[in-house]
There are 2 protein chains.
Amino acid sequence: MLVELALNNWEQGVKRATAAFDHLSDGELFEEVAPGKNRVIYLLGHLAAVHDMMLPLLGLGERQYPFLDAAFITNADKAIPDLPKVEELRGYWKSVNEVLMEKFRALKPEEWLQKHTAVSDEDFVKEPRRNRFNVLLGRTGHLSYHLGQLVLLKK
Amino acid sequence: MLVELALNNWEQGVKRATAAFDHLSDGELFEEVAPGKNRVIYLLGHLAAVHDMMLPLLGLGERQYPFLDAAFITNADKAIPDLPKVEELRGYWKSVNEVLMEKFRALKPEEWLQKHTAVSDEDFVKEPRRNRFNVLLGRTGHLSYHLGQLVLLKK
């Protein structure tokens, strides 16, 4: 039940962010959420890349879009002039979330308590909190954090 | 373990928001997070009021600051000209979170699966997700959402 609630919470966050992105035109994605701050397109690419990273981090598969990192993880917004096309980014976002949700639903409750791949067996014995469930909670919070920024562009 | 992780996640969110508020001067609290959007002081009062409401919602006690609702819940920012003093608001925020954390830590894991007070016994049979744990996850997300807005004022 607790896992199910956390998964629903994640799914709600993804739906709300997707609705916020869909609500904005391609042109509006290039607006900053506040003066001098990240553009929405950066948040879109950033969230797609962070969610993509969850596949290997949770031991659920290979990354699908590692090429996003240069523009949306390693560097700040506007540092890299050449970005993927908006339509492609919108597609990556939807696809990665579909893949994740399918993998999430296939995990048994006890598998959420297993370690994630960024922690060694030895460290996990000492720090059992470094498990998949904790990653899920953390990334759900990360998504809400940026969602709060996205909605500032609502007219 | 799952409850413990969710509580840590909540606590981290409270700490980060508190640090963000503490980092801003009393004057800066009157700045908008983006042009035409909520001022930080509204978010401070809003979060304090929402957290205060969690006491009765989770069946953990009476509200301490119901008088915050007019300025920070029922009405939008700037609709009510007379706000509590900044110093008082900062105090309410810290106090309500201390009280909540103490009550949270005293709950047994299975008590998190019990219904919250806004759902009837009959409805809870049909919708067992409407429990304390779900409120905790939802409010943790609400906090992250506004934290993402607060940090936009960082210089």
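In what follows, the structure referred to is the one given above.
The rules we used
Residues numbered from 1 in each chain as written. Chains lettered and ligands numbered in written order. Predicted model: local features only at pLDDT ≥ 70, side-chain atom pairs only at ≥ 80, totals over all residues. Heavy atoms only, no water. Helix = DSSP H or I, 4+ residues; strand = E, 2+ residues; numbered from the N terminus. Buried < 20%, exposed > 50% of the residue type's maximum accessible area, 1.4 Å probe, protein only. Contact = heavy atoms within 4.5 Å. Lys, Arg positive; Asp, Glu negative; His and termini not counted. Charge placed at Lys NZ, Arg CZ, Asp CG, Glu CD. Axes fitted to C-alpha atoms, helices over the stretch in contact; angles between N-to-C directions. Parallel < 35°, antiparallel > 145°, perpendicular 65-115°, else oblique. Left-handed = near helix turned anticlockwise from the far one by under 90°. Buried area = accessible area lost by both parts, 1.4 Å probe. Salt bridge = Lys/Arg side-chain N within 4 Å of Asp/Glu carboxyl O. Polar contact = N/O pair within 3.5 Å; in protein donor to acceptor, adjacent residues only side chain to side chain. Nonpolar A, V, L, I, M, F, W, Y, C, P; charged D, E, K, R; others polar.

Trainee: Run through the overall build of chain A, naming residues and quoting values.
Mentor: For chain A, the helix and strand inventory stands at 6 helices and 0 strands. Counting from the amino terminus, chain A carries its helices and strands in the arrangement α-α-α-α-α-α. C-alpha atoms of chain A, sized along the principal axes, occupy 45 × 30 × 25 Å. By residue count, 50% of the 155 residues in chain A fall in the buried class. If you take every contact in chain A between residues at least 6 apart in sequence, the share linking residues at least 24 apart comes to 66%. Each charge class in chain A was averaged separately, 20 positive and 22 negative side chains, and the resulting centres sit 4 Å apart.

Trainee: Tell me about the packing of helix α1 (residues 2-23) of chain B against helix α2 (residues 40-57) of chain B, and please be specific about residues and values.
Mentor: Residue and element names in this part refer to chain B. At their nearest, the axes of α1 and α2 sit 11 Å apart, and the two run at 150° to each other. On the basis of their axis angle, the class for α1 and α2 is roughly antiparallel. Of the two possible hands of crossing, α1 and α2 adopt the one that is left-handed. For the pair formed by α1 and α2, the contact residues are Trp-10, Val-14 and Phe-21 on the first element and Val-40, Leu-43, Leu-44, Leu-47, His-51 and Met-54 on the second.

Trainee: Could you give me a rundown of the interface of chain A and chain B, with the residues and numbers involved?
Mentor: One frequent convention defines the size of an interface as the accessible area lost when the parts assemble. At the interface, 30 residues of chain A touch 30 residues of chain B. In total, about 2,600 Å² of surface goes out of reach between chain A and chain B, with carbon and sulfur atoms giving 68% of it. Remark: the boundary between chain A and chain B carries 2 salt bridges. For Arg129(B), the salt bridge goes to Glu4(A), with nearest N and O atoms at 2.5 Å. If you look at where chain A meets chain B, you find 8 residue pairs in polar contact (both at pLDDT 80 or more). At the level of elements, α1 (2-23) and α6 (132-150) of chain A are the ones that each hand at least two residues to the side of chain A that touches chain B. For the side of chain A that touches chain B, the leading source of residues is α6(A), giving 10 residues. In terms of residue class, the side of chain A that touches chain B is built from 16 nonpolar, 9 polar and 5 charged.

Trainee: Describe the pattern of salt bridges, and please don't skip the residues or the numbers.
Mentor: Residue and element names in this part refer to chain A. For the structure shown, the criterion picks out 23 salt bridges over all chains. A salt bridge links Glu-11 to Arg-105, with the nearest nitrogen and oxygen atoms 2.8 Å apart. With Glu-11 in helix α1 and Arg-105 in helix α4 (residues 86-106), this pair connects stretches of sequence that are 94 residues apart. Residue Glu-11 is classed as partly exposed on the basis of its relative accessible area of 24%. On the basis of relative accessibility, which here comes to 42%, the residue Arg-105 falls in the partly exposed class. One salt-bridge network, in which partners are shared between bridges, spans Glu-32, Arg-39, Asp-77 and Lys-78.

In short, the description is geometric, and any link to function would need to be established separately.
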